[in-house]
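Each chain, letter by letter, is given below.
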Amino acid sequence: MDKTYQPDAIERSWYQKWEQQGHFKPTGEGDSYCIMIPPPNVTGSLHMGHGFNNAIMDCLTRYRRMQGRNTLWQPGCDHAGIATQMVVERQLGAQGVSRHDLGRKPFIDKIWEWKEESGGTITNQIRRLGSSVDWSRERFTMDEGMSEAVKEAFVRLHQDGLIYRGKRLVNWDPKLHTAISDLEVENVDEKGFLWNLRYPLADGAKTAEGLDYLVVATTRPETMLGDAAVAVHPDDERYQALIGKEIILPLVNRRIPIIADDYVDREFGTGCVKITPAHDFNDYEMGKRHDLPLINILDRDAAILPNGQVFSIDGTLNSDYDAALPDQYAGLDRFDARKLIVTEFEQLGLLEKIDDHNLKTPRGDRSGVVIEPWLTDQWYVDAKTLAKPAIKAVEDGDIEFVPKQYENMYFSWMRDIQDWCISRQLWWGHQIPAWYDETGKVYVGRDEAEVRSDNNLGNDVILRQDEDVLDTWFSSALWTFSTLGWPEKTKFLKTFHSTDVLVTGFDIIFFWVARMIMMTMHFVKDDEGVPQVPFKQVYVHGLVRDSLGHKMSKSKGNVLDPLDLIDGIELEDLVTKRTANMMQPKLAAKIEKQTRNEFPEGINAYGTDALRFTFCSLASTGRDIKFDMGRMEGYRNFCNKIWNAARYVLMNTEQQDEQGDCIGALDCGQNGDEVELSLADRWIISRLQHTEQTIEKALDEFRFDLAAQALFEFIWNEYCDWYLELSKPVLWDENASEAQLRGTRRTLVRVLESALRLAHPFMPYITEEIWQRLAPLAGLSGDTIMHQPYPQAEANKIDVQAEADIDWLKGVILGVRNIRGEMKISPAKHINVLFSSKADSSAEDQARLNANQQFLKKLANLESATWLADSTQAPLSATALVGEMEVLVPMAGLIDKDAELGRLQKELDKLGKLINQVSGKLGNAKFVDNAPDAVVAKERAKLDEANSAKAKLQEQYDKIAAL
RNA sequence: AGGACUAUAGCUCAGUUGGUUAGAGCGCUACCUUGACAUGGUAGAGGUCCCCAGUUCGAAUCUGGGUAGUCCUACCA
């Protein structure tokens, strides 16, 4: 083995082998365990969030697989309608071609081409991350099977009356020319204005103050062209008399009523609100209550309708009104119209004032432009009905969120859910399986033939399929079951559904998790007809942020490709990567500066295992993770530590024993050879059991951080720091018996082999690489560690006595080292150390000293370790305490008097503080009376120990001070 | 406006049902290249657990109220 750990040398070949040998496929044996990958956008690339997400899913998958579960982790990608279409449109745009120039079919072909071209990026990344997904079952949301499932789902929902088509106000994206759902709208804080406009009263009416106009305030003056009323609060005394009267709407000179409605806030502005039912969601509702006309003034570009025509809801020229829109607005962009209207109001003396105003602007999450509420025909899913069982499933615990608090977020959204607009005016996606005849009548069916036969439509009837496609999230809502073969009742569906756990970020709970639950429970039933949940648990993790705590995003230029942490990247390459395809050159300069600042040396290659271990160790509950390069470097070093520990073990055990001699039960030799375990052997085996317990519990509770920490501490702080050191005096002892040597060799191998299996879900590559070398020494064989059993703690291997003995031994060694360190005694110097104790327990101390001579001498670098029967004969010494026993390092020639006094004083101060604290507690009668006996006893023991230690050290102090 | 989460060492984070002398890694200081490992070893320094009040014999931990930050939902035109 190389002297240092080289991740790139081992990672790629192992993944290939695993995949080729089919190790990722379900074994077909044991209880099933299934995770569905949250499908990333097929034309994108994985970022750190995906890396994190994958590390956790693979950890769970490998853990359960090793536990013997019939494990399926299924991969796949999403077609990501809008995002993908935008990318390809932009590419075409660079060549000066629009999708309309191309036409629908060729454009879709183009996207498929692009998908084939870029689709490999993600699968390659998933492979490099070591994810043990079953590639033979890879799916895509637009592949044939899923397309069938989508059609089936749509048709069935329609039959069940849960999908309907209707003309409503929708969130219209004037840039992308499509409707979007509420969730795709981001409300952004922006500074704007509140225009106060005067609306003249008709028929000579006057306000209470004698004015002949009302003042309305608006943030969108251009919508006044579509006003249908002015509303006041019914109890507002100022305007009581005017309710039922009319306004002459300026510019268009249309008469509109003054109405009363509770919705109006009397305190805001003048208490008068202009009502534009066709261009505002609240006004739309009010319009329905008061039977107001819907006056559509915008076309799909969010410009004023051409020719200044006002259209009503059905798109026809509105004849109910005396005036159409003034010609000067015809075809104007909404923001230009706004300016013009304000100007004209001013000229007419109807502009009361303009106030600064902070408002939330609705913007499309993809396009970034201001969303316009617009009247259109769209398809909707009746979410309220579907939500009911979905809410109940979480209430009843059939689905459990981890951490629990996300259930509240889920409930609050689901209990107030709005119908889901699922049609999109795009080309890339699942075209809606609905057909129209020439009268506009709509028919829903799986295909045109079915529609014709179901509705007795002859070939003379011309049918035209709906041009719209479905929201991407419609198909991903079917992900868990459609990918297993639904609507067919496949074996896989039966075996793996419900899936076990969904691993995802909180940002898509509404987009995806909630909708999956609704759809799955509607469509998938078990043999008794009981709705199945898509997954039993949802593990919700935080976002991965950069070192400054900022969200990683392309536009901020702070994204990291997980592969760049695995393979490393030069600074210049990273800068290029981050600033490529930037829309604004100014931004590119900023990003370049920031990148050079954060990674002045570029990024080192850390390897997949270190990256994954870092993700796991940062995966605490319910909080975002700030990615810390320092920690990753630490875990790369951890890999190196494991590597070198393995080198040591192999170096000392290979070609020493018969193959298989180290296997299995520790108490007897496989080949009848005698085996004797040292104290250290028994201790490390005992510690291993604790570690196995801790890790199993942590993983069962999704505490990857605690599991990682337990693993780290066991391997580094116990196995490497202590056990390997303790093995040396045995292995290098010329007088050691074969049985002793064999015992230590066997323990070295056996414990490391177990640790590798424990670590495998976190660090698949290094563990496999080492395991292949080590397994034969443990008498094990197998193609791969990934199908070996996950270690399980055995209570009978916990050795309390050995743990106590080693604690004592560590205490002695640490005491001597402390004196050495503080007294500046060269580590190379062999020293003589004396031990003594007046306490009753001295027999045990003495026995331990005798038993552990060789360990002590080696680890504390002692010349001699001598028990002093009569402590009064001790020469002047520096002192450390282990329990009641004094560890004495004679001062002569070694130790500076003042330094030792200083060191003792420090210890005495510490003890003094402790004694004050504890005796204060024990002096409090209320504490003694109320606290549990065990707690009081513990405090007493603590005090006794501290007092006795203090006395001993004080005695030493006085003795030295007296010199 | 409502809600959630966070606040512990210089930095990144643990701290399970209240009882620890409050921990880890990185960084820092000193020493050490000893036959697995300098991507290392040994020793050490470093904390008013955000603030205030309360409950309790006892609070980093529980309750209430602040402050600061992050986020979600809704929204007043």
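Let me begin by describing the structure that accompanies this report. (Residues numbered from 1 in each chain as written. Chains lettered and ligands numbered in written order. Predicted model: local features only at pLDDT ≥ 70, side-chain atom pairs only at ≥ 80, totals over all residues. Heavy atoms only, no water.)

This part is about unusual backbone geometry. Cis peptide bonds are those with omega within 30 degrees of zero, and the linkage from valine 402 to proline 403 qualifies with -5°. Tracing the backbone shows proline 403 in the loop between β15 (400-402) and α10 (406-414). The omega torsion of the bond from tryptophan 486 to proline 487 falls at 10°, within 30 degrees of zero and hence cis. One non-glycine residue, aspartate 203, lies in the positive phi region at around 60°. Topologically, aspartate 203 is positioned in the loop between β7 (185-200) and β8 (213-218). (Helix = DSSP H or I, 4+ residues; strand = E, 2+ residues; numbered from the N terminus.)

This paragraph deals with the sheet that holds strand β9 (residues 229-232). Strand order in this open sheet of 4 strands is β10-β11-β9-β12, and the pairing throughout is mixed. Strands with a single pairing partner mark the edges of an open sheet, and in this sheet they are β10 (246-249) and β12 (273-275). Averaged over all pairs of adjacent strands, the angle between strand axes in this sheet comes to 35°, irrespective of strand direction. Bridging between β10 and strand β11 (residues 254-260) involves 4 bridges; their strand directions are antiparallel. What sits directly across from isoleucine 248, in β11, is arginine 255. (Pairing = 2+ DSSP bridges. Axes fitted to C-alpha atoms, helices over the stretch in contact; angles between N-to-C directions.)

So, on to the protein's contact with RNA strand B. For RNA strand B, the set of nearby residues contains 57 residues, the closest of which are Asn282, Ser620, Asn640, Asn818 and Lys942. Sugar and phosphate atoms represent 62% of those atoms of RNA strand B found within 4 Å of the protein. One of the side-chain nitrogen or oxygen atoms of arginine 647 is found 2.8 Å away from a sugar or linking oxygen of RNA strand B. A distance of 2.4 Å is found between a phosphate oxygen of RNA strand B and a side-chain nitrogen or oxygen belonging to lysine 942. (Near = heavy atom within 4 Å. Polar contact = N/O pair within 3.5 Å; in protein donor to acceptor, adjacent residues only side chain to side chain.)

Turning to the side chain of threonine 879, a few remarks are in order. Here threonine 879 is to be found in strand β28 (residues 877-882). Every residue in contact with threonine 879, bar those within four places of it in the chain, is listed here: Ile819, Glu886, Val887, Leu888, Glu900, Arg903, Leu904, Leu953 and Gln956. (Contact = heavy atoms within 4.5 Å.)

Another point: the pairing of strand β14 (residues 372-381). In terms of burial, β14 is a largely internal element, 9 of the 10 residues being buried. One ladder, built from 10 bridges, connects strand β5 (residues 163-173) with β14; its direction is antiparallel. Looking at the pairing, asparagine 171 lines up with proline 373 of β14. Here β14 pairs with strand β16 (residues 420-421) via 2 bridges, running antiparallel. Considered in β16, the bridge of tyrosine 380 is made with cysteine 421. (Buried < 20%, exposed > 50% of the residue type's maximum accessible area, 1.4 Å probe, protein only.)

For the rest of this paragraph, the subject is the packing of aromatic side chains. Geometrically, a pair of aromatic rings is defined through the distance of the ring centres and the angle of the planes. The final tally for this structure, using the stated rule, is 39 aromatic pairs. Taking 6.2 Å as the distance between ring centres and 10° as the angle between the ring planes, the aromatic pair formed by phenylalanine 638 and tryptophan 716 counts as stacked. Within this pair, whereas phenylalanine 638 is found in helix α20 (residues 629-653), its partner tryptophan 716 is found in helix α22 (residues 704-731), the two being separated by 78 residues in sequence. These aromatic residues form a ring-pair network of at least three members: Phe613, Tyr635, Phe638, Phe712, Trp716 and Phe762. Lysine 115 extends its terminal NZ or CZ atom over the ring of phenylalanine 140, reaching a point 4.3 Å from the ring centre. Across the ring face of tryptophan 135, the terminal group of arginine 127 is positioned such that the distance to the ring centre comes to 4.0 Å. (Phe/Tyr/Trp six-rings, centres within 6.5 Å; stacked < 30°, edge-to-face > 60°. Lys NZ or Arg CZ within 6 Å of the ring centre and 35° of its normal.)

Look at helix α2 (residues 48-66) against helix α19 (residues 608-618): their axes get within 9 Å of each other, and the N-to-C directions meet at 90°. Accordingly, the angle class assigned to the pair α2 and α19 is roughly perpendicular. Taken together, the residues of α19 that come into contact with α2 (itself represented by Met48, Gly51, Phe52, Ala55, Asp58, Cys59 and Arg62) are Leu611, Arg612, Phe615 and Cys616. (Parallel < 35°, antiparallel > 145°, perpendicular 65-115°, else oblique.)

So, on to helix α21 (residues 679-700). For α21, spanning 22 residues, the distance from its first C-alpha to its last is 32 Å, which sits close to the expected 32 Å at 1.5 Å a residue. In this structure serine 678 caps α21, since a side-chain oxygen of it lies 3.2 Å from the backbone nitrogen of alanine 680. A positive backbone phi angle near 60° is found at phenylalanine 702, which sits one or two residues after α21. (Expected span 1.5 Å × (residues − 1).)

A side chain with one charge can pair with a side chain of the opposite charge if their charged atoms come near. Tallied over the entire structure, the rule returns 64 salt bridges. Across the pair aspartate 624 and arginine 545 runs a salt bridge, and its minimum N-O distance is 2.7 Å. Taken together, the positions of aspartate 624 in the loop between α19 and β25 (625-626) and arginine 545 in strand β24 (residues 544-545) put the pair 79 residues apart, joining distant regions of the chain. The closest approach of N and O atoms between glutamate 884 and lysine 952, which form a salt bridge, is 3.8 Å. (Salt bridge = Lys/Arg side-chain N within 4 Å of Asp/Glu carboxyl O.)

It is worth spelling out the pairing of β11 at this point. In this structure, β9 lies alongside β11, joined through 3 bridges in parallel fashion. When the sheet's bridge partners are listed, valine 230 is paired in β11 with isoleucine 258. The antiparallel hairpin formed by β10 and β11 contains 4 residues in its connecting segment, where leucine 251 sits at a positive phi of about 70°.

Turning our eyes to something else, we now look at helix α28 (residues 897-923). Taking 1.5 Å as the rise per residue, α28 with 27 residues should run 39 Å; its terminal C-alpha atoms sit 37 Å apart, in good agreement. Within α28, burial applies to Glu900, Leu901, Arg903, Leu904, Leu908, Leu911, Gly912, Ile915, Val918 and Leu922. Considering only its buried residues, α28 is in contact with α25 (800-823), β28, α29 (925-930) and α30 (933-961).

Time to look at the packing of helix α23 (residues 738-759) against helix α24 (residues 764-774). Orientation of α23 relative to α24, taken along the N-to-C sense of each, is 150°, at an axis distance of 10 Å. Taken together, the axes of α23 and α24 lie roughly antiparallel to each other. As for how α23 packs across α24, the hand of that crossing is left-handed. The residues of α24 that touch α23, namely those facing Val749, Leu752, Glu753, Leu756, Arg757 and Ala759, are Thr767, Ile770, Trp771 and Leu774. Across the contact of α23 with α24, the residue classes break down as 7 nonpolar, 1 polar and 2 charged. (Left-handed = near helix turned anticlockwise from the far one by under 90°. Nonpolar A, V, L, I, M, F, W, Y, C, P; charged D, E, K, R; others polar.)

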